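The chain contents come next:
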Amino acid sequence: MCKKITLGCFMFLLIITFKFENIYARDRVVLLSIPSDVWHQNIYLIADKLSWIEYRNFTVQVGDRGEFIYNFPNWYHGKYDPALYKEDINGDKLEDIIVVLNNDIAGYGKPVKDIHILNQIHDPYRRYEEAIVEPIEVTVKNHVKIDEHDNKVFIYVDKNKYNIDLSKYNYTNPREPYVSIKSVEYFIKNGKLLATADVYVARDNSVYGGLIGYLNIEYFWDGKVYKSKSIIFNEQSS
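In this text, all values refer to a predicted model and were calculated from it rather than measured experimentally.

When you go through the protein residue by residue, the secondary structure sums to two helices and 15 strands. Out of the 238 residues belonging to the protein, those deemed buried represent 40%. Across the protein, the fraction of contacts at a sequence separation of at least 24, relative to all contacts at a separation of at least 6, is 42%. Accessible surface, the protein: about 14500 Å² in total, of which carbon and sulfur atoms supply 51%.

Attention now goes to the pattern of salt bridges. One side chain can pair with another of opposite charge once the charged atoms of both are near each other. The final tally for this structure, using the stated rule, is eight salt bridges. Put simply, E95 and K86 hold a salt bridge, and the shortest N to O gap is 3.8 Å. Under the relative-accessibility criterion, E95 is labelled partly exposed at 38%. Its relative accessible area of 17% is what places K86 among the buried residues. K192 is paired through a salt bridge with E218; the nearest N and O atoms lie 3.7 Å apart. Residue K192 is found in strand 13 (residues 192-202), and its partner E218 is found in strand 14 (residues 210-221); the two are separated by 26 residues along the sequence. When its relative accessible area of 17% is taken as the criterion, E218 is described as buried. Residues participating in the shared-partner salt-bridge network are K192, E218 and K229.

Below, the discussion takes up the packing of aromatic side chains. Enumeration over the complete set of coordinates arrives at eight aromatic pairs. Relative to Y128, the ring of Y70 lies with its centre 6.0 Å away and its plane at 85 degrees, an arrangement referred to as edge-to-face. Linking Y70 in strand 4 (residues 68-77) with Y128 in strand 8 (residues 128-133), this pair joins segments that are 58 residues apart in sequence. Accessibility assignment for this pair places Y70 and Y128 in one class, buried. Seen in terms of ring centroids, Y178 and Y200 are 5.8 Å apart; in terms of plane orientation they differ by 20 degrees. Their pairing is stacked. Taken together, the residues span a long stretch of sequence, with Y178 in strand 12 (residues 175-189) and Y200 in strand 13 at a distance of 22 residues.

Looking now at the sheet that holds strand 4. Sheet architecture is open: four strands sit in the order 1-2-3-4, paired in antiparallel fashion. If you trace the sheet from one side to the other, it starts and ends with strand 1 (27-34) and strand 4, each paired once. Between one strand and the next, the sheet's axes are offset by a mean angle of 25 degrees, whatever the strand orientation. Bridge analysis of strand 2 (residues 43-49) against strand 3 (residues 55-62) gives six bridges, and the strand direction is antiparallel. Bridged to L45 within strand 3 is V60.

I115, I117, I155, I164, Y186, L193 and L215 are the most contacted members of the largest nonpolar core, which totals 34 residues. Take this core: its biggest share by element is five residues, from strand 13. Once residues within four sequence positions are removed from consideration, I164 is found in contact with N151, K152, V153, I155, Y169, F233 and E235. In terms of nonpolar packing, the next biggest core, distinct from the first, is built from 17 residues, A47, Y70, V99 and Y128 among them.

With that out of the way, let us pick up unusual backbone geometry. Its identity is not glycine, yet N57 carries a phi of approximately 60 degrees, on the positive side. Take N57: it is sitting in strand 3. When its relative accessible area of 27% is taken as the criterion, N57 is described as partly exposed.

This part takes up the layout of surface pockets. Estimated volume of the second largest pocket: approximately 240 Å³. Lining the second largest pocket we find 14 residues, and of these H40, Q41, Q120, R126 and Y128 sit closest to its centre. Split into classes, the residues belonging to the lining of the second largest pocket amount to six nonpolar, three polar and five charged.

Within the open sheet, the eight strands sit side by side as 5-6-7-8-15-14-13-12. Their pairing is mixed. The sheet is open, and its two edges are formed by strand 5 (83-87) and strand 12, each paired on a single side. Looking at each pair of strands side by side, their axes are set apart by 25 degrees on average, direction ignored.

How each quantity is defined
- Residues numbered from 1 in each chain as written.
- Predicted model: local features only at pLDDT ≥ 70, side-chain atom pairs only at ≥ 80, totals over all residues.
- Heavy atoms only, no water.
- Helix = DSSP H or I, 4+ residues; strand = E, 2+ residues; numbered from the N terminus.
- Buried < 20%, exposed > 50% of the residue type's maximum accessible area, 1.4 Å probe, protein only.
- Contact = heavy atoms within 4.5 Å.
- Areas by Shrake-Rupley, 256 points an atom, 1.4 Å probe, with all protein chains shown as cover.
- Salt bridge = Lys/Arg side-chain N within 4 Å of Asp/Glu carboxyl O.
- Phe/Tyr/Trp six-rings, centres within 6.5 Å; stacked < 30°, edge-to-face > 60°.
- Pairing = 2+ DSSP bridges.
- Axes fitted to C-alpha atoms, helices over the stretch in contact; angles between N-to-C directions.
- Core = buried A, V, L, I, M, F, W, Y, C linked by side-chain atoms within 4.5 Å.
- 1 Å grid on protein atoms, 1.4 Å probe; cavity = no way out; pocket = protein on both sides within 12 Å on 5 of 7 lines; lining within 4 Å.
- Points joined across faces, edges and corners; volume = space filled by probe spheres on them.
- Nonpolar A, V, L, I, M, F, W, Y, C, P; charged D, E, K, R; others polar.

Written as structure tokens, this is what we have:
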């Protein structure tokens, strides 16, 4: 079509290349922000918008001019609302950044809620470092055990034992109680990192069960990892 590279031919190829590349272009959007009285302490959660419900390639920006930029290309967020906090949760008098995302990717088997914590460190620049949070699967495996006998469910949390009589729930032939790590919710309250995980008796298309209570988890910072400090079971009102 263009045997010689003329200006017109070059512009044509440039336009075609631009259009082709923009088929796959992703909008860079600010999902959440936390304002501050000081402009260089504003917090922004930024990501590539893949579709109307999917976001990837996250950035946490501190300051309006991007004084500190923290990139997390592997973070993913789906259709449920994210959460963003700025609060001291490890007791060092410095405010940390906490991000809660929905990480439910079909076929990956991950919990719906995914928590990420940037601890502010003691240095002249008040920078941040990503901290490790004990996975909810590990917390449940190490601290929670559930048994079932007749119409009773026994939940053992460390040294505590909880007895649940299923007959008052009117569930049809409930079986196989379990903790749903896919419905875990993380949040911050009074400077503490907390989580709530649902406890169910199983059900399918023909056998009905349902929610019987919640595990309420409080975390603490041991210097290396945010670990579960206490776990309490609260029964759901029948």
